[in-house]
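Architecture and fold: a report
The lines below spell out each chain.
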Amino acid sequence: MTRPFLIIQLRPEDEISDNEFEKIRYYGELQNHEVERFRIEKFKLPDMDLGRYSGVIVGGSPFDLSTPSRDKSALQQRIEADFRSLFDVLVAEDFPFLGCCSGSGLLGSYCGVRISTRFGEAVSGVDVTITEAGRHDPLLKGMPKFIRVLLGHKEACDELPPEASLLIEGKECPVQMFRLKSNIYATQFHPEGDPEGFAVRINAYKHHGYFAPETVTTLINRLSNEKAPHAQQILKRFVARYRR
């Protein structure tokens, strides 16, 4: 019997959450019976028996980890505490994990890295560079040195977590993808990202400080011809490598 991938989401907005889930499933080439979805913003994460799963995939969110604790909502504080408990087990077991955008920040924060707005990037398509270590990683091996990704984030890791390997770097945001131990991955960009999915997010988050609200139409039009096949391939390879 196939062990499903656990997809943990943090987005309170149903439309965006549903779209993100479908994009992860589509680009990961995951069948319905291969996924178990958990919306952590709705329910407290229970004690996890990771042995039931092939891997864990975490998406993005509108929450800012760099917000001072006193200013964070009770919901955000609970979500962060739930992830710390999950990482206690997951990191100890070197369990297959792929954290995308917020998933990267949560993992970096757990590893002791400062998350700040220093390396924030506008919603856009950008070229990033696969490092020497990345060229030898199973999720990136054989890809060109420069690949296109879709992203948009107000904050990021200030530096590479201790003992992690930098797999992809960027000009505006140095830490774009890293691996902890052998099986724990994080991307600052969205490997499930495509123009249609980003249009949904742009419309929903136009008042969240990622961009000026009056630029929505221009931004969507600018992204309409973006393609990020290698980024999407990362998601597909993660699933293929760890599917059990």
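The following paragraphs examine the structure supplied in this document. Computed from a predicted structure; not experimentally measured. (Residues numbered from 1 in each chain as written. Predicted model: local features only at pLDDT ≥ 70, side-chain atom pairs only at ≥ 80, totals over all residues. Heavy atoms only, no water.)

1. Quick notes on helix α6 (residues 216-223)
- Listed as buried for α6 are V216, L219 and L223. For α6, the buried positions fall inside an angular range of 70° around the axis, keeping them on one side. Along α6, exposed side chains directed more than 90 degrees from the buried face belong to T217 and R222.
- Close packing links the buried residues of α6 with β6 (121-130), β7 (146-153) and α5 (195-204). (Buried < 20%, exposed > 50% of the residue type's maximum accessible area, 1.4 Å probe, protein only. Helix = DSSP H or I, 4+ residues; strand = E, 2+ residues; numbered from the N terminus. Arc of directions from axis to C-beta. Contact = heavy atoms within 4.5 Å.)

2. Let's talk about the packing of α5 against α6
- With their axes 9 Å apart at the nearest point, α5 and α6 run at an angle of 170° to one another. Taken together, the axes of α5 and α6 are roughly antiparallel relative to one another. The crossing of α5 and α6 is right-handed. Note on element contacts: α6 touches α5 through V216, L219, I220 and L223, opposite P195, F198, A199, I202 and N203. (Axes fitted to C-alpha atoms, helices over the stretch in contact; angles between N-to-C directions. Parallel < 35°, antiparallel > 145°, perpendicular 65-115°, else oblique. Left-handed = near helix turned anticlockwise from the far one by under 90°.)

3. Notes on empty space enclosed by the protein
- Overall, the coordinates contain one cavity of 30 Å³ or more when judged by the stated rule.
- A volume near 370 Å³ is recorded for the largest cavity.
- What lines the largest cavity is a set of 30 residues, among which S61, C101, S102, G152 and Y210 lie closest to the centre.
- For the lining of the largest cavity, the secondary structure elements donating two or more residues are α2 (74-93), α3 (102-110), β7 and α5.
- Residues belonging to the lining of the largest cavity are distributed by class as follows: 15 nonpolar, nine polar and six charged. (1 Å grid on protein atoms, 1.4 Å probe; cavity = no way out; pocket = protein on both sides within 12 Å on 5 of 7 lines; lining within 4 Å. Points joined across faces, edges and corners; volume = space filled by probe spheres on them. Nonpolar A, V, L, I, M, F, W, Y, C, P; charged D, E, K, R; others polar.)

4. Let's talk about the side chain of N183
- On the secondary structure map, N183 appears in the loop between β10 (177-180) and β11 (184-187).
- Polar contacts involving the side chain of N183 include one to the side chain of Y242, which spans 2.7 Å.
- Apart from residues no more than four positions distant in its own chain, N183 is found in contact with D94, F95, P96, F97, F238, R241 and Y242. (Polar contact = N/O pair within 3.5 Å; in protein donor to acceptor, adjacent residues only side chain to side chain.)

5. Concerning the packing of α2 against α3
- Running from N to C, α2 and α3 point in directions that differ by 70°, and their axes come no closer than 10 Å. Taken as axis vectors, α2 and α3 run roughly perpendicular relative to one another. For the pair α2 and α3, contact is made by E80, F83, R84, F87, D88 and V91 and by L106, L107 and Y110, respectively.
- Looking at the contact of α2 with α3 residue by residue, the class counts come to six nonpolar, no polar and three charged.

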